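Chains, contacts and geometry: an overview
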Amino acid sequence: MKRLAIYMFYDPDGIVDDYIPFKLQSLAEHSCELLVVVNGALNSEGLEKLTKINAKVIVRPNEGFDVWAYREALLTVGWNQLYQYDEVILLNYTFYGPLYPWSEMFDEMDNQPVDFWGISAHKAIEHSFADGVALPYHIQSHFIAIRQEMLKTLHFQSYWE
């Protein structure tokens, strides 16, 4: 399976800790091309660490958290270019990994007939906010994989645009 990993990164000082290139390089071993979207600053040492692992890097203002970084990356790459991938992974810096070989996860998920998947979900909370609004069950945004068929839908594209 050919994959693009879009990795959102933020550090107030632009420092890329060593766990990040380790995580990304281990992902690259699973047919992943790497695109890192930096929210805010990136120091020269951090840029060197990322380019050393063959990551393409976009530096943007620190606006919109991870979702706006994912949006900018998707729109920068472009829908026609995204169609060359079987799967696009949206992930961010908020977790360490891998704790187990990625192959265990990818081998299992490659055989699942799904349009998208993630590595963790948040349970529903009936009264999660001060105004009493419920938080629904959801896949967490720190790792979501989207298959090509979903990428090609107008609904998916219009959501991001």
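Residues numbered from 1 in each chain as written. Predicted model: local features only at pLDDT ≥ 70, side-chain atom pairs only at ≥ 80, totals over all residues. Heavy atoms only, no water.

Right, let's talk about the overall build of the chain for a bit. In terms of helices and strands, the chain carries seven helices and eight strands. Of all 161 residues assigned to the chain, the portion counted as buried reaches 40%. The long-range fraction of contacts in the chain, counting pairs at least 24 apart against all pairs at least 6 apart in sequence, stands at 66%. Element-wise, carbon and sulfur atoms account for 54% of the exposed surface of the chain, whose accessible area totals about 9,100 Å². (Helix = DSSP H or I, 4+ residues; strand = E, 2+ residues; numbered from the N terminus. Buried < 20%, exposed > 50% of the residue type's maximum accessible area, 1.4 Å probe, protein only. Contact = heavy atoms within 4.5 Å. Areas by Shrake-Rupley, 256 points an atom, 1.4 Å probe, with all protein chains shown as cover.)

With respect to the helices, strands and loops of the structure, G118 is situated in strand 5 (residues 116–118). Along the backbone, G118 and A145 are 27 residues apart, and their C-alpha atoms lie at a distance of 6.0 Å. Residues contacting G118, with those up to four places away along its chain left out, are I139, F143 and I144.

This part takes up the packing of aromatic side chains. Throughout the structure, instances matching the rule amount to 10 aromatic pairs. Taken together, a centroid distance of 5.6 Å and an interplanar angle of 45 degrees make the contact between W117 and F143 tilted. Of the two residues, W117 is situated in strand 5 and F143 in strand 8 (residues 143–147); the sequence distance between them amounts to 26 residues. By the ring-pair criterion, three or more aromatic residues cluster together here, those being W79, F156, Y159 and W160. Here the basic side chain of R3 rests over the ring of F106, its NZ or CZ set 3.9 Å away from the ring centre. (Phe/Tyr/Trp six-rings, centres within 6.5 Å; stacked < 30°, edge-to-face > 60°. Lys NZ or Arg CZ within 6 Å of the ring centre and 35° of its normal.)

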